[in-house]
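Examination of the molecular architecture
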Amino acid sequence: MLKKELELEEKVNLLEKEVHLLGDDSEKMRLDLEEAADSLRLEIESVKMVLKDLVPDFEDKFRDIRNTVLREIDPQWIAKNEPES
C-alpha cells in the first residue's frame, strides 16, 4: 500500500509541475501578445499622425470609413482571406 501511495504522490507532484509550467507558458504568451498589441497601437498612431498632415479632414474621413468597416466587414473573413507570407 505504501508503494502505491508513493507512486500516486509522485504522479501528483509531476502534474503540479506540469500545471505550473503551463501557467508560466501562458503568462509569457500573454505578455508577448500584449507587447505585440502595444507595438501595433504605436504603429497605427504613427500612420494616423502622418495622414492627419497629408489628408484634409482626415479625422472626419477616418471616422466615417471606420464606422462603415465596423458595420460591413467581418474581421474573421479578412483573416481567412489574407495572403500567406
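Rules used in this analysis
Residues numbered from 1 in each chain as written. Predicted model: local features only at pLDDT ≥ 70, side-chain atom pairs only at ≥ 80, totals over all residues. Heavy atoms only, no water. 1 Å grid on protein atoms, 1.4 Å probe; cavity = no way out; pocket = protein on both sides within 12 Å on 5 of 7 lines; lining within 4 Å. Points joined across faces, edges and corners; volume = space filled by probe spheres on them. Patch = residues over 30% accessible without salt bridge, like charges linked within 9 Å, V, L, I, M, F, W, Y side chains within 5 Å. Areas by Shrake-Rupley, 256 points an atom, 1.4 Å probe, with all protein chains shown as cover. Salt bridge = Lys/Arg side-chain N within 4 Å of Asp/Glu carboxyl O. Helix = DSSP H or I, 4+ residues; strand = E, 2+ residues; numbered from the N terminus. Buried < 20%, exposed > 50% of the residue type's maximum accessible area, 1.4 Å probe, protein only. pLDDT = per-residue confidence, 0-100.

**With respect to the layout of surface pockets**
Taken as a whole, the largest pocket holds about 190 Å³ of empty space. Phe58, Lys61, Phe62, Ile65, Arg66, Val69 and Leu70 are the residues that line the largest pocket.

**A word on a nonpolar patch on the surface**
On the surface, Ile65, Val69, Ile73, Trp77 and Ile78 cluster together to form a nonpolar patch covering roughly 470 Å² of accessible area. Only α2 (58-72) and α3 (75-81) provide two or more residues apiece to the nonpolar patch. Looking at where Ile78 falls in the secondary structure, it is placed in helix α3. Overall, Ile78 belongs to the partly exposed group, its relative accessible area being 36%.

**Notes on the confidence of the model for the chain**
Residues with a pLDDT of 70 or more make up 98% of the chain, whose mean pLDDT is 91. Here α3 stands out as the element of the chain with the lowest mean pLDDT, 80, in contrast to α2, whose mean of 94 is the highest.

**With respect to the pattern of salt bridges**
Enumeration according to the criterion identifies 8 salt bridges in this entry. Put simply, Glu27 and Arg30 hold a salt bridge, and the shortest N to O gap is 2.7 Å. Of this pair, Glu27 and Arg30 both sit in helix α1 (residues 2-54), separated by 3 residues, roughly a single helical turn. Taking relative accessible area as the criterion, Glu27 reaches 37% and is therefore assigned partly exposed. Ionic pairing is found between Lys28 and Asp32, a salt bridge with its closest N-O pair at 2.9 Å. Of this pair, Lys28 and Asp32 are both found in helix α1, 4 residues apart, which corresponds to roughly one turn of the helix. Taking the relative accessible area as the measure of exposure, Lys28 reaches 51% and is therefore exposed. Through salt bridges with shared partners, one network takes in Glu27, Arg30 and Glu34.

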